Amino acid sequence: MEDLGLVVWPPGPIRTERLVLRGSEARDRAAFIELLASAEAHTYLGGPRPRDELERETPEVPERWPGSFVVELDGAMIGQILLRRATGHRRPAAVGKVDLGYLFLPRAWGCGYAAEACAAALGWLAAALPGEPVVLATQTANERSMRLAAKLGFTEVERFEAWGAEQWLGMRPPVTPSG
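Cut-offs used in this document
- Residues numbered from 1 in each chain as written.
- Predicted model: local features only at pLDDT ≥ 70, side-chain atom pairs only at ≥ 80, totals over all residues.
- Heavy atoms only, no water.
- Buried < 20%, exposed > 50% of the residue type's maximum accessible area, 1.4 Å probe, protein only.
- Helix = DSSP H or I, 4+ residues; strand = E, 2+ residues; numbered from the N terminus.
- Pairing = 2+ DSSP bridges.
- Core = buried A, V, L, I, M, F, W, Y, C linked by side-chain atoms within 4.5 Å.
- Contact = heavy atoms within 4.5 Å.
- Axes fitted to C-alpha atoms, helices over the stretch in contact; angles between N-to-C directions.
- Polar contact = N/O pair within 3.5 Å; in protein donor to acceptor, adjacent residues only side chain to side chain.
- Salt bridge = Lys/Arg side-chain N within 4 Å of Asp/Glu carboxyl O.

### Focus on the pairing of strand β4 (residues 76-85)
Right, so step 1: Across the 10 residues of β4, 7 count as buried, placing the element largely inside the fold.
Right, so step 2: Pairing of strand β3 (residues 68-73) with β4, which is carried by 6 bridges, proceeds in the antiparallel orientation. Bridge assignment links Leu-73 to a residue of β4, and that residue is Ala-76.
Right, so step 3: In sequence, β3 turns back onto β4 through a hairpin of 2 residues, with Asp-74 there showing a positive phi of about 50°.
Right, so step 4: Where β4 meets strand β5 (residues 98-104), 7 bridges bridge the pair, whose relative direction is antiparallel. Bridge assignment links Leu-83 to a residue of β5, and that residue is Leu-100.

### A look at the nonpolar core
Right, so step 1: With 34 residues, the main nonpolar core has Leu-21, Phe-69, Ile-81, Leu-83, Leu-100, Trp-124 and Phe-154 as its most contacted residues.
Right, so step 2: Considering every element that reaches this core, the biggest residue donor is helix α3 (residues 113-128), with 9 residues.
Right, so step 3: Setting aside its immediate chain neighbours within four residues, Trp-124 contacts Leu-4, Val-7, Val-8, Trp-9, Pro-11, Ile-14, Phe-69 and Leu-83.

### A word on the sheet that holds strand β2 (residues 19-22)
Right, so step 1: The 8 strands lie next to each other as β1-β2-β3-β4-β5-β6-β8-β7, forming an open sheet whose pairing is mixed. On the outer flanks of this sheet lie β1 (14-15) and β7 (155-162), each paired with one strand and no other.
Right, so step 2: By the bridge criterion, 2 bridges tie β1 to β2 in an arrangement that is antiparallel. Note that in β2 the partner of Ile-14 across the bridge is Leu-21.
Right, so step 3: Across the sheet, helix α1 (residues 29-37) lies against β3, β4 and β5, angled at about 70° from β4, the strand it touches most.
Right, so step 4: The sheet contacts of helix α4 (residues 143-151) involve β5, β6 (134-139), β7 and β8 (165-172), and relative to β6 the element is tilted by about 160°.

### Structural notes on the side chain of Arg-22
Right, so step 1: Inspection of the secondary structure puts Arg-22 in strand β2.
Right, so step 2: One polar contact links Arg-22 to Glu-72, side chain to side chain, over a distance of 2.5 Å.
Right, so step 3: The contact partners of Arg-22, leaving out residues within four places of it in the chain, are Arg-27, Asp-28, Ser-68, Phe-69, Val-70 and Glu-72.

### Section: the pattern of salt bridges
Right, so step 1: Scanning all chains against the criterion turns up 14 salt bridges.
Right, so step 2: As a salt-bridge pair, Arg-107 and Glu-34 come within 2.6 Å of each other at their nearest N and O atoms. Note that Arg-107 is positioned in the loop between β5 and α3 and Glu-34 in helix α1, a separation of 73 residues in sequence.
Right, so step 3: Accessibility expressed as a relative area gives 56% for Arg-107, which makes it exposed.
Right, so step 4: A residue is classified by how much of its surface remains accessible, and Glu-34, at 29% relative accessible area, is partly exposed.
Right, so step 5: Taken together, the salt bridges that share partners define one network made up of Arg-22, Glu-25, Arg-27, Asp-28 and Glu-72.

Quick look at the structure:
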């Protein structure tokens, strides 16, 4: 996957009713390691990475690239939103489109933070790159992710088998700025 092209990065913090979306900082390193090592958070993502490996390999300021937002609640990282151009995607319908990904610490689940943060990131994308369609892939067994995709306006493009499980690919039509 490649970045989002000619967008200013990082943007100023994006504030929602409860959250702040921003670029990563050194203070987020421990939360990134916790997130990437969480077996619960990686149930549908191929499993967690070993904590000792993450401690060795995670840079001082992790995930600092265009399209990677830290989701902050009350000054602490609770998750990550990813917006990347899908260039090497397994499904032709997704290639070249912006791919939405998200990952939250289990303690933040069930509070609506993912929907709030993803909606804010998608709003930023619509302003930064007007007319861009967005895709999202998830396992059909991931009921929370399937509900979030529907809530965010993604509709099914196709289902396919990958990594030993049924996957769902959805697309959100381009949002055009109102005149």
